[in-house]
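Per-entry structural report
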Amino acid sequence: MEKYAWRGKIVPGMQEEYKKRHDNIWPEMKEVLANAGIVNYSIWMQGEELFGYYECEKGVEYAAKVQAESDVVKKWDEYMKDILIMEKDPVTGAQPLLTQVFSFR
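So, here's what we can say about the structure.

Quick notes on the rules
- Residues numbered from 1 in each chain as written.
- Predicted model: local features only at pLDDT ≥ 70, side-chain atom pairs only at ≥ 80, totals over all residues.
- Heavy atoms only, no water.
- Phe/Tyr/Trp six-rings, centres within 6.5 Å; stacked < 30°, edge-to-face > 60°.
- Helix = DSSP H or I, 4+ residues; strand = E, 2+ residues; numbered from the N terminus.
- Buried < 20%, exposed > 50% of the residue type's maximum accessible area, 1.4 Å probe, protein only.
- Lys NZ or Arg CZ within 6 Å of the ring centre and 35° of its normal.

Our next topic: the packing of aromatic side chains. The way to describe two aromatic rings as a pair is by their centre distance and the angle between their planes. In total, this model carries 5 aromatic pairs according to the counting rule given. Where tryptophan 26 meets tryptophan 76, the ring centres are 4.9 Å apart and the plane angle is 85 degrees; that geometry is what we call edge-to-face. One end of the pair, tryptophan 26, is in the loop between helix H1 (15–23) and helix H2 (27–35); the other, tryptophan 76, is in helix H4 (residues 71–80), with 50 residues separating them in the sequence. Tryptophan 76 gets classed as buried once you look at its relative accessible area, which sits at 7%. Three or more aromatic residues joined by ring pairs form one cluster here, namely Tyr4, Tyr41 and Tyr54. One cation-aromatic arrangement involves arginine 21 over tyrosine 79; the distance from NZ or CZ to the ring centre is 4.5 Å. The ring of tryptophan 26 has lysine 75 sitting right over it, with the charged end atom 5.2 Å from the ring centre.

Laid out in structure tokens, this is it:
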């Protein structure tokens, strides 16, 4: 199973709104993530900084493709753009993949 990690930033003062929106994530967004083979997804916040991590049962490339082709993801990105600052990979449209340098099991 491939792993994917990303980082982002919340617009200053919007931490509570960011959390609220994820507490109420749309069922159709969860369905897209599941269809993309994404499991064990978590997002961590420290101040305005975000760190996200998930595992891809069908591979990172497949997960990125499903998300890139999803109208639900496009709608979610539009919904979040007022509170979220995200760097996007120009090829995949996803957050740039972080390089794993250590793992302990």
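Let's pick the thread back up.
Along the chain, aspartate 71 falls in helix H4. Distance in space between the C-alpha atoms of aspartate 71 and leucine 98 is 25 Å, their sequence separation being 27 residues.

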